[in-house]
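# Descriptive analysis of the structure
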Amino acid sequence: MTNSVEPGARPWVVYALLTVVLWGVWGALAGLSAQHGFPDTLVYCVWSLTMIPPALFVLARTGWKLDTSPRAVTYGLTVGLLGAGGQMLLFKALTIGPAYFIFPIISLSPAITIAMSFVMLRERTGKLGALGIVLALAALPLFDLSFGSDTHGLGWFALALLIMVAWGVQAYFIKLANNTVSAESIFFYMMIGGLVLAPVAWGWTDFSQPVNLGLDGPWMTAGIQLLNAVGALTLVYAFRYGKAIVVAPLTNAGAPLVTAILALIFAGAVPGPLKILGLALALIASLLLVMEPERPAPATPEGGA
């Protein structure tokens, strides 16, 4: 499959910015489900179901042309299971460790993507892009960095590292898969990967506690999680047309920036000095990454090696 576009066209920017907005709004609303008595494990189950409509929609637009080759199935399920598996591990990590240490570690997942894409896909960028990548990586931990005295042991640290690696490798495989598999097929198998782990999340749910089944329970959660699902779809398209070493840091730094701005506007939540620094770095990084002129990527052998 070729991802050719008209000279001068930069569709990856549009898809990446759509991802930033969708995930940014999702991040601002995501906490509402738990606040209304709908547990995180069931949030995962609902999220996995919200992946179905966008997957079927884009597949229908291609005339239901699903790539069923072993390569497509392997790449798609790898992407889906890495993302969903990381989310499942996050549930466990947050029950035994402090979120203020876990999230800064996880936020460095683009470093894994960048390293793998630099070495195995031979992706390169110019000075503006390189500076943007550095600033984005520096900004990411600052969004969640805070301090506390209780570290609850070190089991959470290993889980946080696993999640960081899983999501970093997932982004690399999204780009690698796009070299030979249609974006629509990739996302379809991502959906399958998410659904496969839904019974695990259901089994982890503590049904001895009250579960809100009203409109502000699963239905509100579905609306919120649909933002995440569609954002995941636009991310696949962003990786289809753009370089992983640019798309990964832009989307991971840009989305928290939107979330923080919305929190400031609607909740009046004033971020601390570290988060303000993170916001400033993320804004500068996003501008630099978008402004970096396109450079043709060197041809990679099939399979990305």
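Before going into details, it helps to say that this report is about the structure given with it. (Residues numbered from 1 in each chain as written. Predicted model: local features only at pLDDT ≥ 70, side-chain atom pairs only at ≥ 80, totals over all residues. Heavy atoms only, no water.)

Moving on, we get to the overall build of the protein chain. The number of helices and strands found in the protein chain is 14 helices and zero strands. Residues classed as buried in the protein chain amount to 47% of the 305 residues present. Partitioning the contacts of the protein chain with sequence separation of at least 6, the portion at a separation of at least 24 is 92%. Surface accessibility of the protein chain: about 14100 Å² in total, with carbon and sulfur atoms responsible for 73%. (Helix = DSSP H or I, 4+ residues; strand = E, 2+ residues; numbered from the N terminus. Buried < 20%, exposed > 50% of the residue type's maximum accessible area, 1.4 Å probe, protein only. Contact = heavy atoms within 4.5 Å. Areas by Shrake-Rupley, 256 points an atom, 1.4 Å probe, with all protein chains shown as cover.)

The end-to-end C-alpha distance of helix 10 (residues 183-196), which contains 14 residues, comes to 20 Å, matching closely the 20 Å that a straight helix rising 1.5 Å per residue would cover. The element helix 10 is extensively covered by neighbouring structure, given that eleven of its 14 residues are classed as buried. Contacts made by the buried residues of helix 10 are with helix 3 (40-50), helix 4 (52-61), helix 5 (70-96), helix 9 (155-178), helix 11 (198-204) and helix 12 (215-241). (Expected span 1.5 Å × (residues − 1).)

It is worth spelling out the packing of aromatic side chains at this point. Enumeration over the complete set of coordinates arrives at nine aromatic pairs. Between Tyr15 and Tyr237 the ring centres are 5.1 Å apart and the planes differ by 25°, which places this aromatic pair in the stacked class. One end of the pair, Tyr15, is in helix 1 (residues 11-29); the other, Tyr237, is in helix 12, and 222 residues separate them in sequence. With a relative accessible area of 26%, Tyr15 lands in the partly exposed category. For Tyr237, a relative accessible area of 10% corresponds to the buried category. The interplanar angle of 90° and the centroid separation of 5.8 Å between the aromatic rings of Trp156 and Phe157 together place this pair among those described as edge-to-face. Trp156 gets classed as buried once you look at its relative accessible area, which sits at 5%. Its relative accessible area of 38% is what places Phe157 among the partly exposed residues. (Phe/Tyr/Trp six-rings, centres within 6.5 Å; stacked < 30°, edge-to-face > 60°.)

Time to look at a nonpolar patch on the surface. A cluster of nonpolar side chains, namely Leu128, Leu283, Leu287 and Met291, defines an oily patch on the protein surface of about 360 Å² accessible area. Topologically, Met291 is positioned in helix 14 (residues 273-291). (Patch = residues over 30% accessible without salt bridge, like charges linked within 9 Å, V, L, I, M, F, W, Y side chains within 5 Å. Salt bridge = Lys/Arg side-chain N within 4 Å of Asp/Glu carboxyl O.)

The next point concerns the pattern of salt bridges. Scanning all chains against the criterion turns up one salt bridge. Here Arg240 ties to Glu184 by a salt bridge, and the two come within 4.0 Å at their closest N and O atoms. Separated by 56 residues along the polypeptide, Arg240 in helix 12 and Glu184 in helix 10 bring together distant segments of the chain.

Grouped together as the largest cluster of nonpolar side chains are 58 residues, with contacts concentrated most on Trp12, Tyr44, Met51, Phe187, Met190, Val236 and Phe239. Broken down by element, the residue count for this core peaks at eight residues, all from helix 12. The residues touching Tyr44, leaving out its near neighbours within four places in the chain, are Ala84, Gln87, Met88, Phe91, Gly193, Gly194, Leu197, Ala198 and Ala201. (Core = buried A, V, L, I, M, F, W, Y, C linked by side-chain atoms within 4.5 Å.)

It is worth spelling out the packing of helix 1 against helix 12 at this point. Remark: helix 1 packs on helix 12, axes separated minimally by 8 Å, with the N-to-C direction vectors making an angle of 160°. Classified by the angle their axes make, helix 1 and helix 12 are roughly antiparallel. The chirality of how helix 1 crosses helix 12 is left-handed. Residue-level inspection shows Pro11, Trp12, Tyr15, Ala16, Leu18, Thr19, Leu22, Trp23, Val25, Trp26 and Leu29 of helix 1 in contact with helix 12, the latter providing Ile224, Gln225, Leu227, Asn228, Val230, Gly231, Ala232, Thr234, Leu235, Tyr237, Ala238 and Tyr241. (Axes fitted to C-alpha atoms, helices over the stretch in contact; angles between N-to-C directions. Parallel < 35°, antiparallel > 145°, perpendicular 65-115°, else oblique. Left-handed = near helix turned anticlockwise from the far one by under 90°.)

Glancing now at the environment of Ala160. With respect to the helices and strands, Ala160 occurs in helix 9. For Ala160, a relative accessible area of 0% gives the class buried. Spatially, the C-alpha atoms of Ala160 and Leu89 are 8.0 Å apart, while their sequence positions differ by 71 residues. Those residues in contact with Ala160 that sit more than four places away from it in its chain are Ile102, Ile105 and Ile106.

In this structure, Trp64 takes a positive phi of about 60° despite not being glycine. Take Trp64: it is sitting in the loop between helix 4 and helix 5. The exposed category is assigned to Trp64, whose relative accessible area is 53%. The phi angle at Arg122 is positive, at roughly 55°, despite the residue not being glycine.

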